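Remarks on the overall topology
Each chain, letter by letter, is given below.
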Amino acid sequence: GTPFFEGGDFGILHDFPGDENRDPVVLASDNLGVAEWCIKHVYSYGYRQVLQSKEKIWRYEDCESICKWTQFCLLICPEVSTFWNLRRKLLKKGLITAQRELELTRLIVTRKPKCMEAFYQRQWVLTKTTNISHPENRFFIEGEKAVCSLAASRHQNNYHAWNHRLWLLKIILNLNMEDCLQELKQEHAVMQKWITCHVSEHSGLHYYNKLVELTINWCQINNVPIKTAPPFVNTPQNVYESMLKYYEMLILQYPGHEALFCARRTILLKWQECSKNNRTDSIVDGIAAGTDTNIDNCTNVNSSNVACASVEEHLDGTNNITNSFSTDNGIASNNGPSRSSEKYKASADDDLPAGKRTCIENLTSEWSSLMMRERGFIQECIALADTQYDKNLAKHYLHIVDRMGL
C-alpha cells in the first residue's frame, strides 16, 4: 500500500455546481475534494454531533461518531483544539491507530500547510504511541521529513514546518553514533540543495544555521571529531568560517536577497561566541596553581568595544592595536593616540593578570581581522550591485556590521 507520508491532496471545490443532484465528495487519483456549497451545512451538523457525543466518549457507538465527525471537521477547520483533544482520547483508548492519525494530519497539511495544530498532533502521536528512534521505526523519520518538505514547498517561510523539522532533528541526535552521522550528512546535503532554490526563505536559512550549531554541539558532547561531520573541518571556528564562505558564494550568485545577509550575520555572532568560549577554555588550562582563577573578568570585558577601536586603528594605518591596559581606575587605555574613555570603560574590579590581557588581545585581533574581511566583502557587493536596491541592501548590512564592531 501507499506509505502514510505519501498520497494525494485535500481541497475544497469552489466551482462545483450545487444545483445538480450529485455527490459533493470527489475522489480522483488519491486526491479528495469536497464541494464548497455543502461545507457550511455539513460542518454545522458535524460540530453539533461532536459536542453531543463528547460527554459519552466511553460508549463505543459514540466513539465511532466522534471519530468520523472530528475527522471531517478538522479537514475543514483544523484550528479547533477541542477536536484534537477528543481524538487524543480516542488514540489512548486504541480506537484510532497512529498511522490513521498521521494520514489525517498529512492531508490537513496539504490544504493548510501552516497549521500549527496539525504539526503538534504529529509530535504528540509520535511521542506517545511510537518510539521513533528505534531502528525498526526509522521510516517515521523519513515520513516526517517528507511532510516538512511538503509543507515548506506549499507556503513560503513556513515557520511551523521548519520548527517541526527542528524537533525531528533533536530526535535524530539521540540515535546511535553511526546512524546519527549518516542522517546529519544527508540533512546537510538536502538543506544546501534546498537553499539554492529558496534563497529568500528566512525560516529555512534559520533552520540550516541551527543544524550546523547542533551538529557542533553533538560532536563536542559525544567526543566525536568535528571533521567527521559536515562540513568536515577541524574546529568549530572553521565550521563557521566555511559557512561564511558558503553564504558569500550565495550572496554573489544571487544578489538582492536580505535573508542571506541575515543568515550571514547570525554566523558571525556564532563565530564570536565560539571564539570567546575557546579562549576561556585555553585560559582555564593554562593558569598555574595559585593564580587568580576568576576568569570571568576576562570574558566580561567589553571586547566588542576594543574590537571597534582595533578596526579604527587598522583603518588609520596603526600597527599596534593595544599596547597596554591601565587598571588604576578600571579603564583600559592605549599608548597611541588618545581616545574617549567611554570606549575602554570596564568594571572597577577588573585587575587583569597578564594571561588574561593576552586572551583579550588575541580575541580582539581575530575578531577585528574577521570584521575587516567582512567589510571588504560588503564593499565588493556594493561595487558589483546592478540595481540601487542591491546597493542599498549591502550598505544597510555594512551599517549593521559597523554596529557589531562597536
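Residues numbered from 1 in each chain as written. Predicted model: local features only at pLDDT ≥ 70, side-chain atom pairs only at ≥ 80, totals over all residues. Heavy atoms only, no water.

Note the following rule: UniProt positions are given in the numbering used here, feature names are shortened, and annotations may be inferred rather than shown by experiment.
With an unreviewed UniProt entry as reference, the protein chain is termed Protein prenyltransferase alpha subunit repeat-containing protein 1-like, source organism Hirondellea gigas. Word for word, the UniProt comment on the protein chain under Sequence similarities (unreviewed entry) is "Belongs to the protein prenyltransferase subunit alpha family."

Overview of the overall build of the protein chain
In plain terms, the rule: A helix here means a DSSP run of H or I that spans at least four residues, while a strand means a run of E at least two residues long, and both kinds are numbered starting from the N terminus. When a residue's accessible area, from a 1.4 Å probe over protein chains only, is under 20% of the maximum for its type it is buried; when over 50% it is exposed; and in between it is partly exposed. What makes two residues a contact is simply this: any of their non-hydrogen atoms within 4.5 Å. Residue exposure ignores everything except the shown protein chains as possible cover, and the areas themselves are Shrake-Rupley values with a 1.4 Å probe.
Secondary structure summary: the protein chain contains 15 helices and 3 strands in total. Taken over 406 residues, the protein chain has a buried fraction of 47%. By sequence separation, contacts in the protein chain at least 24 residues apart represent 62% of the contacts at least 6 residues apart. In the form shown here, the protein chain has an accessible surface area of approximately 20,900 Å², with 49% of it arising from carbon and sulfur atoms.

A few points about the side chain of Glu187
On the secondary structure map, Glu187 appears in helix H8 (residues 177–197). When neighbours within four sequence positions are excluded, Glu187 is seen to be in contact with Lys145, Arg165, Tyr207 and Leu211.

Remarks on the environment of Thr127
Going by this rule: Two N or O atoms form a polar contact when they lie within 3.5 Å of each other; inside protein one atom must be a possible hydrogen donor and the other a possible acceptor, and for residues adjacent in sequence the pair counts only when both atoms belong to side chains.
Position of Thr127 among the secondary structure elements: in helix H5 (residues 116–129). According to the relative accessible area criterion, Thr127 is exposed, its value standing at 51%. Within the structure, Thr127 has its side chain in polar contact with the backbone oxygen of Gln123 (distance 2.7 Å).

What about the sheet that holds strand E3 (residues 31–35)?
The criterion, for reference: Here, any two strands with at least 2 DSSP bridges between them count as paired. Fitted lines through C-alpha atoms serve as axes, helices being fitted only where they are in contact, and the angles separating the N-to-C directions of these axes extend from 0 to 180 degrees.
If you trace the 3 strands from one edge of the open sheet to the other, you get E1-E3-E2, paired in mixed fashion. On the outer flanks of this sheet lie strand E1 (10–13) and strand E2 (25–28), each paired with one strand and no other. Pairwise comparison of adjacent strand axes, ignoring direction, gives a mean angle of 25° for this sheet. Bridging between E1 and E3 involves 4 bridges; their strand directions are parallel. Considered in E3, the bridge of Phe10 is made with Leu32.

Comments concerning the confidence of the model for the protein chain
The cut-off we apply is this: Within a predicted model, pLDDT stands for the predictor's per-residue confidence, ranging from 0 to 100.
Residue-level pLDDT values for the protein chain average 81, and 74% of them are 70 or greater. Low pLDDT, under 50, characterises residues 288–350; the predicted model gives this stretch 84 contacts beyond four residues in sequence or across chains.

Focus: the pairing of E2
Here E2 runs beside E3; their pairing, made up of 4 bridges, is antiparallel. Looking at the pairing, Val25 lines up with Val34 of E3. Counted along the chain from E2 to the antiparallel partner E3, the turn is 2 residues long, and its residue Ser29 has a positive phi close to 55°.

Concerning the nonpolar core
Let me state the cut-off plainly: Nonpolar cores are built from buried Ala, Val, Leu, Ile, Met, Phe, Trp, Tyr and Cys residues. Side-chain atoms within 4.5 Å join them into one set.
Membership of the largest hydrophobic core comes to 101 residues, with the highest contact counts inside it found for Ile108, Met191, Ile195, Tyr208, Trp218, Tyr247 and Ile378. With residues up to four places along the chain from it excluded, the contact list for Met191 reads Trp162, Gly204, Tyr207, Tyr208 and Leu211.

Description of the side chain of Arg165
Position of Arg165 among the secondary structure elements: in helix H7 (residues 159–172). A distance of 3.3 Å separates a polar atom in the side chain of Arg165 from a polar atom in the side chain of Ser149. Look past the residues within four positions of Arg165 in its chain and what remains in contact with it is Lys145, Cys148, Ser149, Glu187, Val190 and Tyr207.

Thoughts on helix H3 (residues 81–93)
Our working rule: Here the expected length of a helix is defined as 1.5 Å per residue gap, with one fewer gap than residues.
With 13 residues, H3 should cover 18 Å at 1.5 Å per step; its first-to-last C-alpha distance of 19 Å lies within 8% of that length. Taken residue by residue, H3 has Phe83, Trp84, Leu86, Arg87, Arg88, Leu90 and Leu91 as its buried positions. Just beyond H3, the residue with positive phi is Gly94, at close to 80°.

Here we look at the packing of aromatic side chains
Formally: Only the six-membered ring of Trp is used, alongside the rings of Phe and Tyr, when aromatic pairs are assigned; centres must lie within 6.5 Å, and planes under 30 degrees apart are stacked while those over 60 apart are edge-to-face, with the rest tilted.
All told, the structure shown has 11 aromatic pairs when counted by the stated rule. Taking 6.4 Å as the distance between ring centres and 90° as the angle between the ring planes, the aromatic pair formed by Trp69 and Phe72 counts as edge-to-face. Taken together, the positions of Trp69 and Phe72, both in helix H2 (residues 60–76) and 3 residues apart, correspond to about one turn of that helix. Take Trp69 and Phe72: they sit in the same class, and that class is buried. Here the aromatic rings of Trp162 and Trp194 are separated by 4.7 Å at their centres, their planes lie at 75°, and the arrangement is edge-to-face. Residue Trp162 is found in helix H7, and its partner Trp194 is found in helix H8; the two are separated by 32 residues along the sequence. Owing to a relative accessible area of 16%, Trp194 belongs among the buried residues under this scheme.

Regarding the pattern of salt bridges
The criterion, for reference: Salt bridges are defined by distance alone: a side-chain nitrogen of Lys or Arg within 4 Å of a carboxyl oxygen of Asp or Glu.
Tallying each qualifying case throughout the model produces 14 salt bridges. A salt bridge links Arg154 to Asp9; the nearest nitrogen and oxygen atoms lie 2.9 Å apart. Taken together, the positions of Arg154 in helix H6 (residues 139–154) and Asp9 in the segment before E1 put the pair 145 residues apart, joining distant regions of the chain. By relative accessible area, which is 26% here, Asp9 ends up partly exposed. Linking Arg264 and Glu374 is a salt bridge whose minimum nitrogen-to-oxygen distance equals 2.5 Å. With Arg264 in helix H11 (residues 258–286) and Glu374 in helix H14 (residues 354–384), the pair connects residues that are 110 residues apart, well separated along the chain. Both residues of the pair, Arg264 and Glu374, belong to the buried class. Through salt bridges that share partners, Arg138, Lys145, Arg165, Asp179, Glu183 and Glu187 make up one connected network.

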